[in-house]
Amino acid sequence: MRTLSPHRRLMGSTAVLGLALCLVPGGWTMASAHPGHAVQPVAPAKRTVRPAKPSERRWLAGDHHVHSWFSVSVKPAADPSQPPILIKAGDASNPITTNARMAAKHGLSWMVATDHGGPNHSKLNRDEAYPELLRARRETPGVLQFWGMELDTPAAEHSSLILPRSDGERDALFGIESRYNRREPWPADPARDQEAFMLEALRHMKALPRPPVVIANHPSRSATGVGRYGLVSPSELRDWNDTAPDVAVGMEGAPGHQASSLNSDGSLKPKGDRGGYSRAPTMGGFDQMTARLGGFWDAMLGEGRRWWITSTSDSHRHYTDGGDDFWPGEYSKTYVKAAHTYDDVLDGLRNGRIFVTLGDLVSEVDVTASAAGAKADIGGRLEVPAGSDVTVVIRVRDPSGKNFGGFSPSVARVDLIQGEILGAASDRSLDANPTTRVARAFTPASWAREGETLSMVHVLRNVRGPIYIRVRGTSGGEAEPLPDPLGEDPWSDLWFYANPIFIVTR
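Residues numbered from 1 in each chain as written. Predicted model: local features only at pLDDT ≥ 70, side-chain atom pairs only at ≥ 80, totals over all residues. Heavy atoms only, no water.

## Let's talk about the overall build of the protein
Looking only at helices and strands, the protein features nine helices and 21 strands. Its C-alpha atoms give the protein a radius of gyration of 22 Å, near enough to 23 Å, the size a compact globule of 506 residues would have. Burial status across the protein gives 58% buried among its 506 residues. Within the protein, contacts between residues at least 6 apart in sequence are counted, and of these 77% link residues at least 24 apart. Only carbon and sulfur atoms are counted for the fraction: they give 54% of the accessible area of the protein, which is about 19300 Å². (Helix = DSSP H or I, 4+ residues; strand = E, 2+ residues; numbered from the N terminus. Rg over C-alpha atoms; globule rule 2.2 N^0.38 Å. Buried < 20%, exposed > 50% of the residue type's maximum accessible area, 1.4 Å probe, protein only. Contact = heavy atoms within 4.5 Å. Areas by Shrake-Rupley, 256 points an atom, 1.4 Å probe, with all protein chains shown as cover.)

## Details of the packing of aromatic side chains
Evaluation of the coordinates by the stated rule reveals 14 aromatic pairs. A centroid spacing of 5.7 Å and a plane angle of 70° characterise the contact between Tyr319 and Phe326, whose relative ring orientation is edge-to-face. Here the aromatic rings of Phe326 and Tyr331 are separated by 4.8 Å at their centres, their planes lie at 20°, and the arrangement is stacked. Neither residue differs from the other here; Phe326 and Tyr331 are each classed as buried. Among the aromatic residues, ring-to-ring pairing joins Tyr319, Phe326, Tyr331, Phe407 and Trp491 into one connected group. Cation over ring: Arg126 sits above Phe174, and NZ or CZ is 4.4 Å from the ring centre. Its end group placed over the ring of Tyr342, Arg165 keeps NZ or CZ at 4.8 Å from the ring centre. (Phe/Tyr/Trp six-rings, centres within 6.5 Å; stacked < 30°, edge-to-face > 60°. Lys NZ or Arg CZ within 6 Å of the ring centre and 35° of its normal.)

## Considerations on the side chain of Ser68
Inspection of the secondary structure assignment puts Ser68 in the loop between β1 (58–66) and β2 (73–75). Contacts of Ser68, omitting those with residues within four sequence positions, involve Ala92, Asn94, Pro95, Ile96, Asn99 and Asp115.

## Notes on the nonpolar core
In terms of nonpolar packing, the biggest core is built from 118 residues, with Leu202, Val390, Ile394 and Ile503 touching the most fellow members. Here this core gets seven residues from one element, more than from any other, and that element is strand β21 (residues 495–505). Leaving out residues up to four positions away in the same chain, Ile394 has contacts with Asp366, Val367, Val414, Leu416, Phe442, Leu454, Ser455, Met456 and Val471. (Core = buried A, V, L, I, M, F, W, Y, C linked by side-chain atoms within 4.5 Å.)

## Details of the environment of Ile378
By the secondary structure assignment, Ile378 is in the loop between β13 (374–377) and β14 (381–384). When its relative accessible area of 6% is taken as the criterion, Ile378 is described as buried. Sequence-wise, Ile378 and Ile501 are 123 residues apart; in three dimensions their C-alpha atoms are separated by 5.4 Å. Setting aside its immediate chain neighbours within four residues, Ile378 contacts Trp59, Gly352, Arg353, Ile354, Val365, Val367, Ala498, Asn499, Pro500 and Ile501.

Set out below in structure tokens:
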């Protein structure tokens, strides 16, 4: 067989790519800087009764895990027979209004107020936090600001609870928090710390006229090693998803607290652990449940579960103020393909039109799978005749200019990952999918660049059974994300991940 030179191979790939890109819907706009430097969030559109059209959707950056001074500390009452006193600003320091302004400054179009609770915290949320949210909506109208909380989750750690925007949102959250939040009652009620109680809460949420979205936060923070899970287990997350599949839809792929290795002057803190993961470290800033190739996330996708990942700040107190956190959008972004409305952003979260990035490594990721006249995008499903060749087109925007750390990172590699859909697992604790592999690793030699846009194409030949594909990328040279050492500079090790496309055969 005649071997082509690298130059000729690239020219051939580019020719195929030019044809394949015609399959990608919509236009591709260019920007000259990272989000937050050139992108100005627009004011929220009025709610409409019709669903958004795909042509109205674009990538909107946001953060669903942000704390304000309504995340309280608890002080025992002088009279031990009385409930403890909630200390405002005891655990997080910033008003909701400040969080919203900083979200806008760092390029976010949507955000969720997620304060966690304590005894009788539901009343504080209802009577004081919610009015402040309304004020923040008025003061920063360019950021869609959802009402929610970080649920003190029964038999787990925490989860982001995101309410649909509605006239009844305050009462809906009060009902959930007062009835189901683990730390709400005083004295403490051990019955509230049982998994069965969380499943009851999910059934309640599923039955609401406008159900919320629940995303498990920092799922492996209490893990003691790789594959040795703590308060959040694979079987538990399967139970959540089985009980309310349109409510419990995913987990934080990358936790917050990523500035924990930075001193207030920006110098490195030698013993700082990214994300507060002190026993089982993050890998490239991501939780092991996401970062391990063929691990728990791939096991869930291998069952055909619509189980999505996100990335958040978990902002309590900025690192320059002595905290462990970045501002919303300063380091971590969850991008949702949506129209700029509350309903469509929540629909995008519920249905996996999501990619996530650290350090503004990328600002757009589009993945399209097509065959036999049909196509699907991130979060979607493609049905093709058995034996079809499926063309996968990946387009990534690698933005120019500096990120909020003052660096200009570049994408070094993009991985197309493929795994088989094997059906429901008989072992509820399963955290592995042995069929998962990197189908193609793209580098600058194998993609086409036009300005900030990197374009690449791969054909999956003779697809005979159900599979899924997903995409990740990195600024570094690690073949797989390695455990993050103490004191690592978070700006030096950046990854992005896109949610999957499911491909089934008939």
